[in-house]
Amino acid sequence: MLKEKALRLFVFCFCLWIAVRFFLHESDGTKNVERALPQQNSQDEKSGVNGQKSGAFDWAPHGEKDSANLKAKLKAEVEEMPKQSRSHTQLPSELKRSTDDPQRPIKDLQRIVHLDLKGAAPKVEYLEQIFPLFSSLGASAVLMEYEDMFPYDGNLTLLRSSFAYSVKDIMEIKRLATISNLEIIPLVQTFGHLEFVLKHDKYFDLREVAEFPNSLNPRIPGSLALLKDMLAQVMKLHPEAKHFHIGCDEVYGLGKVQGSNTISQEKLGQLYLSHVTAVGMFMTKTWPSVKLLIWDDMLRKISVNALKESGLPKLAAPVVWTYLPKLDFKAISGWLSKYQETGFKHVWFASAFKGASGTDQMWTPFGIHLQNHLSWLDIVGHMSSYPDLTLEGLILTGWQRYEHFSALCELLPVGIPSLAVCLQTLKHGSFNDKAKAEVHHILGCEVQLDKELCYGSGAFAGAELYHLVRHIHIHFKSSVDNVLQDGYLRGTFTRYHRKYSFGNPRNLGLFQPKLIRTLKEWEDVMKNLHSKMEAIFFPDTIEEWMEENVNQHMDLLRNMVQDVQSISQRKGRPKSQKA
């Protein structure tokens, strides 16, 4: 009898345990499905990017797009990119779940491709090939961040790069865009990121901080006059422009002009707003039909009252930007609520398809950028929470440098597969089978997310360069290291041997063929690379990219071959007395 009661009690407890587990599972599932945007509270790994750093107006820049942790993580992911003989890395399970999730296309919103021309600006001939590709992938406009590539003239001639587009080039770029049904939106920085202007002696006095060329001092009368001249020259060549981006992000050193007292955060906000509204009023009064865009990071810590009183909501629409794979929904919700309360009627979002995962990134990890776009689609799906804000579209930024003086990020052809994945994801609401098929059809290669690669020869402009860069990225450094680790070389051809030009030719012959063969193989690759780059980029870009990515190792191989041949010719003679 006692055993029977114990058995019944055990069965009852077991059934109760199963029921509780089932209930908790269902509850968690419901929460995951029904979570609303204001309830999101995922921790943004790049808190600085989203304006969470302490201190008045001390926010992280487009130029500091990755925290140390994220940068280390991305570096590890890129370095672990599969070689032909290695096992492939896997996407995070969350990314796998969301890529095929049929949801939230933004067919009725603008999809704008950003071209950052402050580094590796493509030739017009390449734009002629790439604009139709943008259009076929679902883009509706191109945001041209001209920087020093614009053909400024008169007093502003010194702002031009030696390879700047000509007026004829600008007219041709506009014509090509029109043929591909793409709107051209000019972007001119008018506050921060004016390094290309403030680096010149002529404009040193206009710097906010004398030692740094980053930001303009808005309190100097000549500052606004300079900007008006720049804006007028750009608009002269773009009289048909419907939109215009005035930048105004990352105004480093605002209020820290030499000799000034500490300025309160409230005063800093007023100083910032007084300048951007002056720029906005000049633009809207001179070209009333043009709609202005402004990066939003500097607006995030300014009070609602200050924004209202400035009149900025009537002049420009904020572009909310963040490039992390996982967005901080709570923070973004707060910004959108503020902009709605302030009186802004329109808002834009900005993602990244390249140039936001490392200051000197050679290869685009497009799985990360895909996740960034999927996260933005989640936010797009919750815009009904802000009935007074109209979302105009999404800008897919493709940064070429973090700022004027920093290294090159991924070249544009290297980022094309990532751009295709991201544009098609926005078009279809996820990277589903239809999106994959369209990318395959348009690019002529198959995107495999788990391998961060577009397999196949590729039919898109720049595909050959894409594959050459991949080959260099994966094999070049390891190939050179393999030579340097040769036991015969390390034992008989040291720095000391090379310094005094001595060695046994028999020993040198044990590794010399391998050394010469490796140099020859990579000389052929680099010659081919140079030829492909010449068709797309100007000479300064080719020189810079080669210096940053290959010349150090190529020079090492060349010098070693020269030294081993020279020492071999000495036929085992004593050490040279000349070092």
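A short tour of the structure in this document, coming up.

Cut-offs applied
- Residues numbered from 1 in each chain as written.
- Predicted model: local features only at pLDDT ≥ 70, side-chain atom pairs only at ≥ 80, totals over all residues.
- Heavy atoms only, no water.
- Helix = DSSP H or I, 4+ residues; strand = E, 2+ residues; numbered from the N terminus.
- Buried < 20%, exposed > 50% of the residue type's maximum accessible area, 1.4 Å probe, protein only.
- Contact = heavy atoms within 4.5 Å.
- Disulfide = S-S within 2.5 Å.
- Patch = residues over 30% accessible without salt bridge, like charges linked within 9 Å, V, L, I, M, F, W, Y side chains within 5 Å.
- Areas by Shrake-Rupley, 256 points an atom, 1.4 Å probe, with all protein chains shown as cover.
- Salt bridge = Lys/Arg side-chain N within 4 Å of Asp/Glu carboxyl O.
- Lys, Arg positive; Asp, Glu negative; His and termini not counted.
- Charge placed at Lys NZ, Arg CZ, Asp CG, Glu CD.
- Core = buried A, V, L, I, M, F, W, Y, C linked by side-chain atoms within 4.5 Å.
- Phe/Tyr/Trp six-rings, centres within 6.5 Å; stacked < 30°, edge-to-face > 60°.
- Lys NZ or Arg CZ within 6 Å of the ring centre and 35° of its normal.
- Pairing = 2+ DSSP bridges.
- Right-handed = clockwise from strand over helix to strand, strands pointing away.
- Expected span 1.5 Å × (residues − 1).
- Axes fitted to C-alpha atoms, helices over the stretch in contact; angles between N-to-C directions.
- Left-handed = near helix turned anticlockwise from the far one by under 90°.
- Nonpolar A, V, L, I, M, F, W, Y, C, P; charged D, E, K, R; others polar.

Moving on, we get to the overall build of the chain. Counting its regular elements, the chain contains 20 helices and 10 strands. Counting over 579 residues, the chain shows a buried share of 54%. Within the chain, contacts between residues separated by at least 24 positions form 79% of all contacts whose residues are at least 6 apart in sequence.

Here we take up the side chain of S375. Within the secondary structure layout, S375 lies in helix α11 (residues 366-380). The contacts of S375, once residues within four sequence positions are left out, are P325, K326, L327 and F329.

What follows is about the state of the cysteines. In this structure the tally under the stated criterion is one disulfide. Disulfide pairing places C445 opposite C454 at an S-S distance of 2.0 Å. Its torsion about the S-S bond being 85 degrees, the disulfide of C445 and C454 is classed as right-handed. Across this residue pair, the class does not change: C445 and C454 are buried.

Negative charge collects at one region of the surface, where D360, D540, E543, E547 and E548 lie side by side. One can find E543 in helix α19 (residues 539-549).

What follows is about the nonpolar core. Generally speaking, nonpolar side chains in soluble globular proteins are found buried as a group. Membership of the largest hydrophobic core comes to 155 residues, with the highest contact counts inside it found for F131, F134, M230, Y272, F349 and W545. In contact with W545, not counting residues within four places along its chain, are M362, L408, L411, V469, I472, L529, M533 and V550.

Another aspect to go through is the packing of aromatic side chains. Summed over the entire model, instances satisfying the criterion amount to 17 aromatic pairs. Centre to centre, the rings of F131 and F134 are 6.1 Å apart; their planes meet at 45 degrees, and the pair counts as tilted. One end of the pair is F131 and the other is F134, both in helix α4 (residues 124-137) and three residues apart, which spans about a single turn. Of the residues examined, F134 reaches a relative accessible area of 0% and is grouped as buried. Ring centres of Y146 and F150 lie 5.3 Å apart, and the angle between their planes is 65 degrees; this geometry places the pair in the edge-to-face category. Across this residue pair, the class does not change: Y146 and F150 are buried. What links up through ring pairs into an aromatic cluster is the set Y146, F150 and Y152. Here the basic side chain of R207 rests over the ring of F204, its NZ or CZ set 3.8 Å away from the ring centre. Sitting over the face of the ring of W321, R300 holds its NZ or CZ atom 5.3 Å from the ring centroid.

The buried count for strand β6 (residues 316-321) comes to six of six residues, which makes it a mostly enclosed element. The pairing of strand β5 (residues 291-295) with β6 spans four bridges and is classified as parallel. For L292, the partnering residue across the bridge sits in β6 and is A316. In this fold, β5 hands off to helix α9 (residues 304-310), which returns the chain to β6; that crossover is right-handed.

Right, let's talk about the pattern of salt bridges for a bit. Taken as a whole and assessed by the stated rule, the structure comprises 15 salt bridges. The salt bridge partner of E208 is R219, with a shortest N-O separation of 2.4 Å. Of this pair, E208 sits in the loop between α6 (195-198) and α7 (221-237) while R219 sits in the loop between α6 and α7, and the two are 11 residues apart along the sequence. A residue is classified by how much of its surface remains accessible, and R219, at 37% relative accessible area, is partly exposed. Because the salt bridges share partners, they merge into one network encompassing D116, K118 and E145.

Let us look at helix α20 (residues 551-569). Its 19 residues place the ends of α20 27 Å apart at the C-alpha level, agreeing with the 27 Å of an ideal helix rising 1.5 Å per residue. Of all the positions in α20, only N551, H553, M554, L557, M560, V561, V564, I567 and S568 are classed as buried. Buried residues along α20 sit in contact with α14 (463-484), α15 (487-492), α16 (495-499), α17 (505-508), α18 (512-534) and α19. Downstream of α20 by one or two residues, K571 has phi in the positive range, about 55 degrees.

We now examine unusual backbone geometry. The backbone phi angle of N181 is positive, close to 60 degrees, even though this residue is not glycine. As for its position among the elements, N181 is in the loop between α5 (167-179) and β3 (183-187). In this structure, H193 takes a positive phi of about 55 degrees despite not being glycine. Inspection of the secondary structure puts H193 in the loop between β3 and α6.

Between α18 and α19, the shortest axis-to-axis distance is 10 Å and the interhelical angle comes to 145 degrees. For the element pair α18 and α19, the recorded crossing hand is right-handed. Contacts between α18 and α19 involve M526, L529, H530, M533 and E534 on the former and, on the latter, T541, I542, W545 and M546. Tallied by class, residues from the contact of α18 with α19 come to six nonpolar, two polar and one charged.

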